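Spelled out, the chains give:
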Amino acid sequence: MTTPIAPHPRSRRALLRAAILPAGLAASLVLAPLPAAVAAPSADALIAEVYGGGGNSGATLKNDFVELANKGGAAFGLDGWSVQYISAAPGPTSQWGVTPLTGSIAPGGRYLVAEGAGAAGTVELPTPDAVGALALSGTGGTVALVRGVDPLTCKTAADCAADPRVRDLVGFGTAVVHEGSASVAGASNTASVARKAGLPDTDDNAADLAAGAPSPTNSKGEVAEGSTPTGPTEPGTVRIHDIQGRTRLSDRTGKTVAGVPGIVTGVRAYGSKGFWIQDPNPDADPATSEGVFVYTGSANPTVKVGDAVLVTGKVTEYYPNYNGGSQSLTQLTNPAVTVVSSGNPLPAAVVVDTRNIPGTYTPAAGADGTINGVTLDPEKYTLDFYESLEGMLVEVRDVRVVQATDKYNELWVAADKQDQKSKRGGVLYESYAEPNVGRLMVQQQAPVSQRPFPVANVGDVLTGTTNGPLDYNQFGGYTLVAGTLGALQDNHLEREVTAPAGERELTVATYNVENLAATNPDGKFAELAAGVVTHLRSPDIVALEEIQDNNGAKSDGTVDASQTVAKFVAAIKAAGGPAYDWRSVDPEDGKDGGEPGGNIRQVFLFNPQRVSFTDIPGGTATTAVDVAGTGSAASLTASPGRIAPADAAWTNSRKPLIGQFSFRGKKVFVIANHFNSKGGDQGIDSRFQAPGRSSEVQRIAQATVEQAFVAKLLAADKEAKVVSVGDFNDYQFSPALAALTKDGVLRDLVNELPEKEQYSYVYQGNSQVLDHILVSPEVGWAKYDVVHINAEFAQQASDHDPQVVRIKP
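Every value quoted in this text rests on a predicted model; they were computed, and no experiment measured them. (Residues numbered from 1 in each chain as written. Predicted model: local features only at pLDDT ≥ 70, side-chain atom pairs only at ≥ 80, totals over all residues. Heavy atoms only, no water.)

### Details of empty space enclosed by the protein
This is how the line gets drawn: Grid points spaced at 1 Å over the protein atoms alone were grouped into cavities, where a 1.4 Å probe fits but cannot get out, and pockets, open sets with protein on both sides within 12 Å along at least five of seven lines, with lining residues defined by an atom within 4 Å of a point. Grid points are joined across faces, edges and corners, and a volume is the space filled by probe spheres set on the points. The numbering of helices and of strands both runs from the N terminus, where a helix is a DSSP run of H or I of at least 4 residues and a strand a run of E of at least 2. Lys, Arg, Asp and Glu make up the charged group, whereas Ala, Val, Leu, Ile, Met, Phe, Trp, Tyr, Cys and Pro make up the nonpolar group; the residues left over, Gly among them, are polar.
This structure, assessed with the given rule, holds two cavities of 30 Å³ or more. Each pocket or cavity is described by its volume, and for the largest cavity that value is around 110 Å³. What lines the largest cavity is a set of 15 residues, among which Y361, R439, G476, Y478 and D685 lie closest to the centre. For the lining of the largest cavity, the elements supplying multiple residues, two or more each, are α6 (382-387), β23 (439-444) and β25 (477-482). Per-class residue counts for the lining of the largest cavity are eight nonpolar, five polar and two charged. When its volume is computed, the second largest cavity comes out at roughly 40 Å³. Classifying every residue of the lining of the second largest cavity by side-chain character gives two nonpolar, one polar and three charged.

Spelled out as structure tokens, the structure:
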């Protein structure tokens, strides 16, 4: 980048504070203390739930428990306090059992006391805040919250009410010691007794509590795993920023959190179904996101944007492509949702642009080789900046499209205007160290059946505001899932036409035709043919990659591709092109990679009116071509032939096809290539930094084999004119291309283009080089052109742009 990144004003918190909900709505989310009951003997700490069936027959939970709550606005200290229990009908020798407590209950928080375990049950309590060994009855008894740890002595309701040490008391079942007119009924091995919504305490157990499914919750807001959550009736103690934390992985992963409040900011009812919520009251830490995705599985979400909700769910880290090295998405799963109110204003979106996107892409990895546990620094690193906004509302304004709309209804934009711009409006991928920090994928929340997605080409603009939650997926990393899409400004990108060649110039082209098979629609053949005839101006030689066998991806042993090639040749002629002849070598079935059953291979088309092919018998799928003779007599031992097909470098990959041509009496050797793909490489946004490029090892080996062959040919004839073309699946700055051009046997012509024109493919918003034309030193003058007719367009005949070179042998 030529312009320094502007300082990063951390405006997110200020923006969010400006969007805090009105006081009434905030109170509904217990962002202020809950209102007191009419009679409030316990204005702060009280007993919220009692369960004595743990480990009994039919029970799910293994332990009894007592859960405390704090209705007050300040922490309630428990040092020196206790929970005590006595049987339902205490006799003369009955005594209160005691569990001492420590720590405190946070304002609005919970505190879980685990008691005795039985022999049955399968589910552990969430991590308790205190542990005792009291054996509560499943059906009746009395529990008291007591200041002090000495056992109570009272055995009647009146005596216990008179004891000043008793802060709260719950009698259940047939307990004679209780508050009010009666104890609360319904406790059993499968039912607890718990306070009703709002934690009422009118000193009447029968009125204040009711029986229901046990729902133990600890001070971290975690609930029992494996239990079926019910819709929360009040906010818990955990907020979204507590879940998200200051690293990529939540420290609450695997735990179920209760009553997480938020405003619904987006809903997705297709694909990965669910909705996003955001806390309108952020904390002061720029590293902690205030948004999170709530995954509803196969069920369509029932909430609406603007709903204030409480969510109980399990915290999970979802890896869209774990083996591929993706980062994770923190989300809530198996949710139980309560809508508190509707039609609420949304939190203000964070504007993502050049002013706040850091210029350094990624932090250094930790000891495990990943950035998972590295504390986020959103003011310094791009990936940390986006992670700190995961699940939150973000927006971009008047952004340029840098990758066209694809068949999945998504496109890419440049949020950072300082990323290196290509000649036609994309962003250039120029080195591993410069991945372009402003690239963002844009999807939309609504299915296209409800709202069409804009069909955009590179260089078009989404004008105005594009706004939505920031998601993460395996196909693009951080993704803006738009609820509001900017209007499309069509900048009328034109498909290029290469310059005409002179009569004495030989034109050699390469074109990856993307799994072309005889079974494809005629329209695909016509589009590709127009590219050859109109845009490449009918080159003398065309090397094709990804020609499939006659029945395409059907796997039945067919390897012949004559019908596929004949159909393409006919389409070219119908488009006004020459009657091309062709040569190729059929591969072994299933040995060259690509789409299973397709048996892709390279094919030479040539115009016999301009160039002749030197047929030399002997070329087969398994026979290695060699060099015979020296000087002007040097030739191939087979034409067409394959270079070192048995070498391990070509395992499950296309072998180079070489042919010997003659143009105006001059010998020209052309190599058609299709190196192994980047499949298996980790993405530039990977949790592993630096990302692994495992596929590169094989391409380096392939380049080494081919370089050695070209060097042998040049050793036989130092004036040999070699043109090596094709889809090399690697960049001009890659180790593979360095190996191929070693010792100057070939020069990569893409490096001779103006910098802003160096690309043939667009991937994840980066305009990059995968296709190359290289020439040997004696070729000399070469006029090279990448003809941009596909990669930048929503309507594509192939995902690659073809290339052509004009030389004067």
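### So, the packing of helix α7 (residues 522-535) against helix α8 (residues 562-574)
Where we set the bar: Convention adopted: a line fitted to C-alpha atoms gives each axis, helices being fitted over their contacting stretch, and angles between N-to-C directions are expressed from 0 to 180 degrees. For classification purposes, angles smaller than 35 degrees are called roughly parallel, those larger than 145 roughly antiparallel, those between 65 and 115 roughly perpendicular, and all remaining angles oblique. Each crossing gets its handedness from the near helix: less than a right angle anticlockwise from the far helix is left-handed, clockwise is right-handed. In what follows, a contact means two residues having at least one pair of non-hydrogen atoms within 4.5 Å.
Direction vectors running N to C along α7 and α8 enclose 60 degrees, while the axes themselves pass 8 Å from each other. Comparing the axis directions of α7 and α8 gives the class oblique. Remark: the crossing between α7 and α8 carries right-handed chirality. Between α7 and α8, the residues in contact are D522, F525, L528, A529, V532 and V533 and T564, K567, F568, A571 and I572, respectively. Class assignment of the residues belonging to the contact of α7 with α8 gives a composition of eight nonpolar, one polar and two charged.

### What about the packing of aromatic side chains?
For the record, the criterion: Stacked, edge-to-face and tilted are the three classes for Phe, Tyr and Trp ring pairs, Trp counted by its six-membered ring, which pair at centre distances within 6.5 Å; planes under 30 degrees apart are stacked, over 60 edge-to-face, the rest tilted. Look at NZ for Lys and CZ for Arg. If either is within 6 Å of the ring centre and within 35 degrees of the ring normal, a charge sits over the ring.
Under the defined criterion, the tally for this structure stands at 19 aromatic pairs. The ring of F793 has R495 sitting right over it, with the charged end atom 4.1 Å from the ring centre. Seen from the ring of Y432, R693 lies directly overhead, with NZ or CZ sitting 3.7 Å from the centre.

### Thoughts on the sheet that holds strand β4 (residues 81-87)
This is how it is decided: Pairing between strands is defined by DSSP: at least two bridges between them are needed.
Reading across from one edge, β5-β4-β9-β10 is the order of the four strands in this open sheet, with antiparallel pairing throughout. For this open sheet the edge positions go to β5 (97-100) and β10 (166-172), each flanked by a neighbour on one side alone. The sheet shows a mean angle of 15 degrees between the axes of neighbouring strands, taken without regard to direction. Sheet analysis places strand β9 (residues 141-147) next to β10, joined by six bridges and oriented antiparallel. Note that in β10 the partner of G141 across the bridge is F172.

### Some points on the nonpolar core
The condition is simple: The nonpolar core is taken to be a set of buried Ala, Val, Leu, Ile, Met, Phe, Trp, Tyr and Cys residues, with the residues joined through side-chain atoms within 4.5 Å. For the exposure calls, accessible area comes from a 1.4 Å probe over protein chains only, and a residue counts as buried if that area is under 20% of its type's maximum, exposed if over 50%, partly exposed in between.
In this structure, V352, Y386, L389 and L440 are the most contacted members of the largest nonpolar core, which totals 32 residues. Among the elements of the structure, α6, β20 (393-403), β21 (411-414), β23, β24 (461-473) and β25 are those that each provide at least two residues to this core. Setting aside chain neighbours within four positions, we find V352 in contact with I357, F385, Y386, L389, V394, E395, V396, A415 and L440.

### A word on α8
Along an α-helix, a turn takes 3.6 residues, which lines up residues three or four apart on a common side. To be explicit about the condition: The span expected for a helix works out to 1.5 Å for each residue beyond the first. What the arc measures is the spread of directions leading from the helix axis to the C-beta atoms.
Under the 1.5 Å per step criterion, the end-to-end length of α8 is 18 Å for 13 residues, consistent within 8% with the ideal 18 Å. Within the sequence span of α8, burial applies to T564, V565, F568, V569, A571 and I572. In a view along the axis of α8, the buried residues occupy a sector of 160 degrees, so they form one face of it. Facing away from the buried side of α8 by over 90 degrees, the exposed positions are Q563, K573 and A574.

### Side note on α7
Along its 14 residues, α7 runs 19 Å from first to last C-alpha, staying within 8% of the 20 Å computed at 1.5 Å per residue. What α7 keeps buried is the set K524, F525, L528, A529, G531, V532, V533 and H535. Of the surrounding elements, those touching the buried residues of α7 are β27 (506-516), β28 (541-547) and α8. R537 occupies a position one or two residues after α7 and carries a positive phi of about 60 degrees.

### So, the side chain of D353
Formally: Under this definition, polar contacts are N or O atom pairs within 3.5 Å; protein pairs additionally need one hydrogen-donor-capable and one acceptor-capable atom, and for neighbouring residues in sequence, both atoms have to be side-chain atoms.
Locating D353 in the fold gives a position in the loop between β19 (350-351) and α6. Within the structure, D353 has its side chain in polar contact with the side chain of R355 (distance 2.8 Å).

### Thoughts on the pattern of salt bridges
Here is the rule we go by: Salt bridge criterion: a side-chain nitrogen from Lys or Arg within 4 Å of a carboxyl oxygen from Asp or Glu.
As enumerated under the stated definition, the model contains 34 salt bridges in all. Across the pair D353 and R355 runs a salt bridge whose closest N-O atoms are separated by 2.8 Å. Two residues, R583 and D615, come together in a salt bridge whose shortest N-O distance is 2.7 Å. Here R583 is found in strand β29 (residues 581-583), whereas its partner D615 is found in the loop between β31 (612-613) and β32 (627-628), with 32 residues between them in sequence. A relative accessible area of 19% places R583 in the buried class. One continuous salt-bridge network, built from bridges that share partners, spans D168, R195, D201 and D208.

### Thoughts on the confidence of the model for the chain
Low pLDDT means the predicted atomic positions in that stretch should not be read closely. Put simply, the rule reads: Per-residue confidence from the prediction method is given by pLDDT, with values spanning 0 to 100.
The share of residues in the chain with pLDDT of 70 or more is 95%, and the mean pLDDT across the chain is 93. Within the model, pLDDT remains below 50 along residues 1-40, and this stretch shows 98 contacts once partners closer than five positions in the same chain are excluded.

### Re unusual backbone geometry
P640 follows S639 through a cis peptide bond whose omega is 0 degrees. Here P640 lies in the loop between β33 (635-636) and β34 (641-642). Omega for the peptide link from Q689 to A690 comes to 0 degrees, which places this bond in the cis form. A positive phi is found at R537, a non-glycine position, where the angle reads about 60 degrees. By the secondary structure assignment, R537 is in the loop between α7 and β28. Positioned with a positive phi, Q764 is a non-glycine residue whose angle comes to about 50 degrees. Mapped onto the secondary structure, Q764 falls in the loop between β39 (761-763) and β40 (766-768). On the basis of relative accessibility, which here comes to 9%, the residue Q764 falls in the buried class.

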